[in-house]
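Fold and geometry: a report
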Amino acid sequence: ELFALQVARVPDSVALEYESLDTLTYSELDALSNRIGHYLQEISGVKSGDLIGLMLERGPDLIPFMLGILKSGAAYVPIDVQYPQGRIEAILSGSGISRLVCRASSIPGITTVSLIDVDKVFSTLSTFPS
């Protein structure tokens with residue numbers, strides 16, 4: 001709710017900047033996170049109350065996915081990409097996470113949860129409402 005109020009108040013102000021290269025305004029971030037939320041619900045089957053693992057490096061994709069997960073009605077469980085494979089698997093198996101948002105190419109061998117590949121999501125987002 002607070003984010004929506006900020007979007008309404010200053011839609012054209014910079015909300016997210018990454019290494020002075022990538023910037024998103026509040027309205028752009030809102031639209032992108034809405035599309036991600038719709039994708040998660042409609043394509044990935046995310047439901048309200050689900051726990052979604054979020055394993056992305058710090059970068060321009062992290063915040064839109066955090067917001068998109070929340071907008072889908074789910075909650076995110078942050079997982080550091082630097083964790084050893086055994087720790088990642090322990091978190092996934094012991095936390096009730098049903099899906100893991102990540103770059104699938106960087107996570108070999110995860111079979112305990114469904115993977116949501118960030119790159120695949122971005123390739124189809126234009127078809128979802130903002």
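First, a word on scope: everything that follows refers to the structure included in this document.

What counts as what
Residues numbered from 1 in each chain as written. Predicted model: local features only at pLDDT ≥ 70, side-chain atom pairs only at ≥ 80, totals over all residues. Heavy atoms only, no water. 1 Å grid on protein atoms, 1.4 Å probe; cavity = no way out; pocket = protein on both sides within 12 Å on 5 of 7 lines; lining within 4 Å. Points joined across faces, edges and corners; volume = space filled by probe spheres on them. Helix = DSSP H or I, 4+ residues; strand = E, 2+ residues; numbered from the N terminus. Nonpolar A, V, L, I, M, F, W, Y, C, P; charged D, E, K, R; others polar. Pairing = 2+ DSSP bridges. Axes fitted to C-alpha atoms, helices over the stretch in contact; angles between N-to-C directions. Parallel < 35°, antiparallel > 145°, perpendicular 65-115°, else oblique. Left-handed = near helix turned anticlockwise from the far one by under 90°. Contact = heavy atoms within 4.5 Å.

Points about the layout of surface pockets
If you add up the space inside the largest pocket, you get close to 200 Å³. For the largest pocket, the full set of lining residues is L54, L56, E57, R58, L62, M66, Y76, P78, I79, D80 and V81. Residue assignment for the lining of the largest pocket shows that the elements contributing at least two residues are helix 3 (62–71) and strand 4 (75–78). Looking at the lining of the largest pocket residue by residue, the class counts come to eight nonpolar, no polar and three charged. Here the second largest pocket is characterised by a volume of approximately 170 Å³. Lining the second largest pocket, in full, are M55, L56, E57, G59, D61, L62, V81, R103, S106 and I107. Each residue belonging to the lining of the second largest pocket can be placed in one class, and the counts come to five nonpolar, two polar and three charged.

Re the pairing of strand 2 (residues 22–25)
A regular strand carries its side chains on alternate faces of the sheet. Alignment of strand 1 (residues 14–18) against strand 2, held across four bridges, turns out to be antiparallel. Paired with V14 across the two strands is T25, which belongs to strand 2.

A short note on the packing of helix 1 (residues 2–9) against helix 2 (residues 26–42)
Relative orientation of the contacting elements helix 1 and helix 2 amounts to 135°, with a least axis distance of 8 Å. With respect to their mutual orientation, helix 1 and helix 2 come out oblique. The hand of the helix 1/helix 2 crossing is left-handed. Counted together, F3, Q6 and V7 of helix 1 and Y26, S27, L29 and D30 of helix 2 form the full contact between these two elements. Residue classes in the contact of helix 1 with helix 2 are distributed as four nonpolar, two polar and one charged.

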